[in-house]
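Coordinate analysis (summary)
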Amino acid sequence: MSTPTASSGRGGRFVRRIAGRLAGSEAVPGDTWDAVLLARHQDRPYPLDYIARLMPDFEELHGDRLKGDDPAIVAGIGRYHGAPLAVIGQQKGRDAQDRAYRNFGMPSPEGYRKGMRLMDLCERLEIPLVTLIDTPGAFPGADAEERGQGGAIARSMLMMLRLRVPTVAVIIGEGSSGGALALGVADRVVMLENATYSVISPEGASAILWRDASKAKLAAAAFKPTAANCYRWGVADAVVPEPEGGAHSAHDEAARLLDGYLSRTIRELQALPLAERRRQRRERFRRLGAMREATSA
Amino acid sequence: MSTPTASSGRGGRFVRRIAGRLAGSEAVPGDTWDAVLLARHQDRPYPLDYIARLMPDFEELHGDRLKGDDPAIVAGIGRYHGAPLAVIGQQKGRDAQDRAYRNFGMPSPEGYRKGMRLMDLCERLEIPLVTLIDTPGAFPGADAEERGQGGAIARSMLMMLRLRVPTVAVIIGEGSSGGALALGVADRVVMLENATYSVISPEGASAILWRDASKAKLAAAAFKPTAANCYRWGVADAVVPEPEGGAHSAHDEAARLLDGYLSRTIRELQALPLAERRRQRRERFRRLGAMREATSA
Amino acid sequence: MSRRPISISIDRLRGKRPATGPARRLPGDERSCPHCQSHFRAEEMERNCYVCAVCDHHFGMTARQRLDHLAGGEPWEEIGGELRAADPLRFVDLEPYTERVRAAEAKGATEAMISAYLEIEGQPCVVSAMEFGFLGGSMGSVVGERFARAAEFAVARNVPLISVTSSGGARMQEGVLALMQMAKTIVALDELADARLPFVMVLAHPTTGGVWASFASLGDVTYAEPGALIAFSGPRVIEQTTHEKLPANFGLAERQFEHGHVDAVVDRRELPARLGRLLGILEQPPRDESQSLASQLAQNGSERAARMAQALPSLSRRLRGRPADATYHPSRGHSGS
Amino acid sequence: MSRRPISISIDRLRGKRPATGPARRLPGDERSCPHCQSHFRAEEMERNCYVCAVCDHHFGMTARQRLDHLAGGEPWEEIGGELRAADPLRFVDLEPYTERVRAAEAKGATEAMISAYLEIEGQPCVVSAMEFGFLGGSMGSVVGERFARAAEFAVARNVPLISVTSSGGARMQEGVLALMQMAKTIVALDELADARLPFVMVLAHPTTGGVWASFASLGDVTYAEPGALIAFSGPRVIEQTTHEKLPANFGLAERQFEHGHVDAVVDRRELPARLGRLLGILEQPPRDESQSLASQLAQNGSERAARMAQALPSLSRRLRGRPADATYHPSRGHSGS
Ligand SMILES: [Zn+2]
Ligand SMILES: [Zn+2]
C-alpha cells in the first residue's frame, strides 16, 4: 500500500486530490495539543461574545416549534454592516452553572431543528447565514437518540447544502464530529487560528482507538486537527488570525479580525450568481477525501 | 344588517362572492342529520379501504422522523393508473380496539408531520397527492398541544398550498375543524355525496353554542354541513356520487366512483402549467367567505 | 389571485372618531386586577398600557388601543375597514347570528380584527390587531379578508406584516366558511413570503383554536405577552375529552416558550421598542445600495483587521506556502467584486 | 460538479471472481445462532439468507452476499471498484492504519462499501452495500466516494439508488477527511434529488455514528432489518456519558420504528420482493406515455363510474342547478385535455 506522500506504490496510484496540499510543510507537531487546549480555553469567545461585538442589534430566536428550546445552540438575526444576517452557533457555558445549562455545547435534536427553522427563515427572507461552530459533539443521550439525533444532523447538512443564500461556517473553537459538521456545510468554511476540527475528540479517540482514556495527547497528535492542517487538506478554505496570545486574551480584537473576513466574504458570495454559488458549494464537499486507485482488482 | 339573500339592506350591500351560489335551491333540511350519521357510519369505507381497491400496490410509510408514528393518519405511495400516487388520510377504526388504536381518527402532531414528510417526498419525486379526509378533529390532548398541534396544522396547510404537484382533497366522511382542513388545501376539494364538512362537530357546537350537549341535531341543521351546501358555498368543487344507499353499503362501488373522478382530475391537473395550477389553488382559498361592505363607516 | 382595489377609510384616524366609536374609557372609572386585586383608574390603566402596575398582569386591550399603542399615539390608516359580517348560513343558536353581530357592532368595533398601516418606532409596517370584545375575537369571513388585505397591502408597500392575536378561534356562526378563513390567511402569508417580507406574530391572551392553528403559528418571529393562553384546544375541551388533569400553567406563554413554540415572552410596555428594533434588523437594504454599502463597510472592516494583523508575525509563518487566492490576507487590499 | 468518468470493473461479475476474492463459505463449516444457539451449516445459512431458521435472528452479511441476494443471484456491475483507501494522516494508533487496511483487504473485500448496478426483481437500480467486516464498516474517503459515484451512476442511468448500511460510523483513522464524507454523501443525495430519483434505505445491523447521521437518515423510504442497532451514539458511549441505564431494546429497529424513524422492519428474506415492489410503485412513466396512459385509464374509470351512476337518480336531483363545468358528471363523456 502506498502512503500519501508517495505518488505510486504497490497495487495503486495515488489519487491526487489532496496531494498538492499535502506536499506543503507539515504542521509543527508540538503545536497540536496546545491548539486543542487553546480551542477549548474557557475564556475563549463563544458565539454570543462575537455576536455582541459584531451585531449590537441582535434578536435571539428560541424554540424548534416542535418540542423545545436547546440552550446549546443559539440562533438569531442581527444587523450586520447595514443588512440582516442570521447566525447559528454552538454555545458553551463559561462558569459551572452556565456550562450545565448549555449542556457543555452539546446540541440536542431540538438545537439543530431550531437552526433549521432559522435556515428556513434565511431562505424565505433572503438573509445570509453564518454558523459559529464550537462543540465537543452532539449530545449522546438516549432521549436525544429517540428524538432523532442522527436525522437532525443529516437534515441540517442537507438544508445548509440547499440554501440559496450565502453561507459561511466558522470553526471558532472545537469542531468535533458530526455534531459540528451539522452546521458546517457552507459556501466557505474557515477556522480561527487556534480552532480544531476533527472526526472525534481526542479523549473519545483515545478511549476507542487506544482503549485507554489517558492517550488523548497521542490521539491529538495523530489526528492533527489544527487549522493549518485542515487548510492543507482543503477542509478549511481559510484561516482567520486570532489576536496574539489567542482569542481568549482579547475578545474585541478577535471579533474585529473575524469581522474583516466575514464582511468581505459575504460580499464576495453575494456577488456570485446563485447557480455558481451552489455549484461551488457542492463541488467543495464533493471533492474532499484521499484515496488510491487500484490498477487491477 | 342585511341577510345573505338580500342584495341590499340596512347599512350595507352584499358582497357577491357566494351570492350566485346561494341563490340556488336550499338543501333539503331533513337530510342534514342523516348526512351526519351517514358520514360517520361505522361501515363506511376508510382510507385503507379505498387504497386497497384503487392501489393494490401500496407502500404505507410510517413515522414523522421526529417523535413517533400516529395511527390516526395513514400515508403512503401506491401505483395508480400506471404512475405513482401519494395518499394521506385520516383513518378511523372499525371495531372498538381498532378505534382506540386509531384514536378515533383524531390526529396528533406526529400524524400531520408524517403527512408533511410525505408531501416533501411528493415534491421531490414529482408525485401527485390525494388526501382522504375523515376526522372529528385534531386530538385535543395536553401532550399534543405541547408538541405543537396548532403549528402542525398550520404548517401542513402551508406545505399543501406550496406543493408543485397536483393535489386533490376528498372529504370521504366527517370533515371537522382545522384537523380536517390541515389536509384540505388542495387544487381540487371534493366531497363524497354523504360526507360532511364543518367548522366543528355538531356535538361540539351543541355544547358550546347551545350550552347543552343534547342539541347536536339542532346544531347540525344550523351548520348545514352537507356536500350539496358546501358545493353551493364554493367550499367543495364537486360532489362525487356514492352507491345507492351510501358508501358503507358497497365499498367496491364507492371506490370505483371515486376512481372515476380522481383519475380524470389528476390528469386534468397535470395538464395545467405549474404556475396556473398554483394560481388557481391560491385563488380558490383566497376568495372563500361571505361579507358585506359598509357604505359609510 | 384577484386583487381587489384596497380601500382605506382614512376618516377613522385617531382623534377623528365618531362619538359612537370604541369606548376610550373603560366602563366605570376603575378596574381591579384579577390577580392582585389592585384598583386602577382608567387613565392609570392607559398610561401603563393596560398592565397592572403592581403585579404586571396584562389586561385585555381593544384593537384600537393596540394600534394606538404600537403607533405611539400617531395616526394609523385602516385597511379593509368597510367590511362587515354577513350571515351566509342564516345561523341561529340561542339567538340569531345577525343579532349577535348587531350587538357587537353597537359596542363600537366593526369586526374582530382591524388591519392598519402605521409606523412602529419609525418603521413602516402593516398591523392586524384582533378585538376579543367582538364575538370573542372569533375569525369569520371579515377577519380572514382583513388579514388577507393586510398582507396584500404590505406587499404593495413592501413593508413587513405584524399581527396581534386575541381570539377564541373560528367563528362558528359562519360554519365551514369560517373554517376556510384559516386557509385564506395561509394564502396571504404565502404571498407575503413570495415578496420576501417578514411576518411577525404577537400572541396576546387568548390565542386559541383556528387562529393558533393557522397564521398565528407561522410567524418568522413570534412574541407572546406574559400569561397569554396559547392553545389549539382550550383547557376545558381537553379536560372533558381526555379526563387529564392539566397543570395550572397549561398553554400559557411562558410554558409555550419552554416547549419551543414562542421566541420570547415580551412585556407589553416593551413591545413597541422590541418590534421597532426587530423590523430594523430585518430591513433589506435596496439592492444596489446594499452592495456598495457592504463593500464600503467591508473595506473598513478589512482595514481594521489589517491594523490588528501587524501584531501577528506568527500568522504569516503558518500560512506560508499556501495558494494566495484561497487565504485570508488581512494585509492585502481588496479586489473589486 | 466535476463529473469524473465512471469506471466499472465488469471483471468482478459473479462467477468470474478471482479465488482470492471474498470467502463464499463462512469460516468453518457451521455457525451457531447467538440468540437461540441453533447450529447451521454454511449452505443452510446461505439458503436462508443468513437468517436463523429457528428464531429469525439476522446474521451479518458481506456486501457481496448482500448484492447477490438482492440481485437474485444474477450478475451485478461494480461502480468505483478500483478505489482503495489511502492514509492521508499517516495515522498510527495501536497499529498503523496502512496495516489495518492491508489486513482487511487480505480478507477479500476491497473496502467497506460496494456500489453496483443491478436489477432487483426486474427493476434496474444502483445499490450501495456496506461491509461491516472491513474495519467495522467505517466510512472513510473510499466509502464516501463510492457512495457518491453510485448516486451519479444512478443519475446517469435514471434509476433509483438503494443503500444497505452496516457501519460503526466514520473511519477515525482518516481524521477530519472521514468526517467530510458525511457531507459528500449529502451532496450525492442532493444530485439524486435534482434528478427526481428515489433513494431507498435499508438499515442493517449496526447502523451508527456518522453513517446514521448522514445519508442513512435520508431515505425517501427507510426499511430496517429486525434487531438492527440504529443510533448516532452507541449504547456504551451514552451510558458512559450520561450514566443512564438504557433499555434492552435501545436503538433497535423495532424501537426506532415506534419512534418514527423507520418506515418498516422487514425480514431479510422478504427484502428483494419488497424493494422490487417499491421501485415498481415509484417508477415514473415516460412523460408522453404517461399522459396517454393516464388518459386511457381515466376513460376506463369514467366509463365504469358512468355505469354505476345509472343507479343514482337521486344524485342528479341534488346536483341540479349547479354550473355544469364545476360538477363531476359521471354520465358525461370527457373532453380531451
Ligand atoms: Zn395586579
Ligand atoms: Zn436463532
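Up top you'll find the structure we're talking about.
The paragraphs below set out a description of the structure included in this document. (Residues numbered from 1 in each chain as written. Chains lettered and ligands numbered in written order. Predicted model: local features only at pLDDT ≥ 70, side-chain atom pairs only at ≥ 80, totals over all residues. Heavy atoms only, no water.)

**Some words on the overall build of chain A**
To keep things clear, this is the line we draw: Secondary structure follows DSSP: runs of H or I at least 4 residues long count as helices, runs of E at least 2 residues long count as strands, and numbering of each begins at the N terminus. Between buried and exposed lies partly exposed: a residue is buried under 20% and exposed over 50% of the maximum accessible area for its type, with that area taken using a 1.4 Å probe on protein chains only. When checking whether two residues touch, look at their non-hydrogen atoms; a contact exists if any pair is within 4.5 Å. All accessible areas in this document rest on Shrake-Rupley with a 1.4 Å probe, and a residue is counted as covered only by the protein chains that are shown.
For chain A, the helix and strand inventory stands at 13 helices and 11 strands. When each of the 297 residues of chain A is scored for burial, the buried share is 69%. Looking at chain A alone, contacts between residues at least 24 apart form 74% of all its contacts between residues at least 6 apart. Looking at chain A as shown, the accessible area adds up to about 8900 Å², and 51% of this sits on carbon and sulfur atoms.

**Focus on the interface of chain D and chain A**
The test is simple: Whenever Lys or Arg places a side-chain nitrogen within 4 Å of a carboxyl oxygen from Asp or Glu, that contact is recorded as a salt bridge. The definition of a polar contact used here is a pair of N or O atoms within 3.5 Å, where within protein one atom must be able to donate a hydrogen and the other to accept one, and adjacent residues in sequence count solely through side-chain atom pairs. Under the scheme applied, nonpolar residues are Ala, Val, Leu, Ile, Met, Phe, Trp, Tyr, Cys and Pro; charged residues are Asp, Glu, Lys and Arg; polar residues are all the others, including Gly. A pair of strands is labelled paired if DSSP reports no fewer than 2 bridges between them.
Taken together, the contact pairs 66 residues of chain D with 64 residues of chain A. Summed over the shared surface of chain D and chain A, the number is seven salt bridges. With a shortest N-O distance of 2.7 Å, R286 of chain A and E152 of chain D are connected by a salt bridge. Remark: the boundary between chain D and chain A carries 24 residue pairs in polar contact (both at pLDDT 80 or more). Every element with two or more residues in the side of chain D that touches chain A is listed here: β5 (83-85), α3 (97-106), α4 (141-157), α5 (175-194) and α7 (235-242) of chain D. No other element matches α5 of chain D, which puts 16 residues into the side of chain D that touches chain A. Classifying every residue of the side of chain D that touches chain A by side-chain character gives 33 nonpolar, 13 polar and 20 charged. As paired strands, strand β11 (residues 291-294) of chain A and β5 of chain D are joined by three bridges and run antiparallel to one another. Bridging from a neighbouring strand, E293 of chain A pairs with L83 of chain D of β5 of chain D.

**Remarks on the side chain of H58 of chain C**
Residues and elements named next belong to chain C. With respect to the helices and strands, H58 occurs in the loop between α1 (42-47) and α2 (63-70). On the basis of relative accessibility, which here comes to 9%, the residue H58 falls in the buried class. Of note is the side chain of H58, whose polar atom sits 2.9 Å from the backbone oxygen of D56. Among the polar contacts made by the side chain of H58, one reaches the main-chain amide nitrogen of R268 at a distance of 2.9 Å. When residues no more than four places from it in sequence are discounted, the contact partners of H58 are Y50, V51, E225, P226, D267 and R268.

**Structural notes on the packing of α2 of chain C against helix α9 (residues 271-282) of chain C**
Residues and elements named next belong to chain C. What counts here: Here, axes are lines fitted to C-alpha atoms. For helices the fit covers the stretch in contact, and angles between N-to-C directions go from 0 to 180 degrees. If an angle is under 35 degrees, it is roughly parallel; if it is over 145, roughly antiparallel; if it lies from 65 to 115, roughly perpendicular; otherwise it is oblique.
Interhelical geometry of α2 versus α9 gives an angle of 60° and a closest axis separation of 9 Å. Relative to α9, α2 is oriented oblique. Seen from α2, the contacting residues are R66, H69 and L70; seen from α9, they are L271, P272 and L275.

**Here we look at helix α9 (residues 202-209) of chain B**
All names here are of chain B. In plain terms, the rule: Each direction from the helix axis to a C-beta atom contributes to the arc, which is the arc of those directions.
The set of residues buried in α9 consists of P202, A205, S206 and L209. Down the axis, α9 shows its buried residues gathered within 105° of arc, on one side only. Of the residues one or two after α9, R211 is the one with positive phi, at around 50°.

**Quick notes on the nonpolar core**
Side chains of nonpolar character tend, in soluble globular proteins, to be buried together. We apply this condition: Remark: nonpolar core denotes a set of buried residues (Ala, Val, Leu, Ile, Met, Phe, Trp, Tyr, Cys) joined through side-chain atoms within 4.5 Å.
Among the nonpolar cores identified, the biggest contains 165 residues, and I77, V170, Y197 and F223 of chain A together with L161 and F215 of chain D are the most heavily contacted of them. No other element matches the 12 residues that α5 of chain D contributes to this core. In contact with Y197 of chain A, not counting residues within four places along its chain, are I171, G175, A180, L181, V189, M191, P225, C230 and V235 of chain A together with V176, L179 and M180 of chain D.

**Observations concerning the coordination of the zinc ion (ligand 2)**
Residues and elements named next belong to chain D. The line we're drawing: Shown as donors are all N, O and S atoms within 2.8 Å of a metal ion, widened to 3.2 Å for Na, K and Ca; because water is not in the atom set, sites may appear incomplete. Key to geometry: four donors with every angle between 85 and 135 degrees are tetrahedral; four donors are square planar and six octahedral where opposite donors lie over 155 degrees apart and all remaining angles lie between 65 and 115; all other sites are irregular.
On the protein side, the zinc ion (ligand 2) has C33 (SG), C36 (SG), C52 (SG) and C55 (SG) as donor atoms, found 2.2 to 2.3 Å from it. The coordination sphere of the zinc ion (ligand 2) comprises four donor atoms, whose angles at the metal cover 102 to 115°; the geometry is tetrahedral. What makes C52 buried here is its relative accessible area of 0%.

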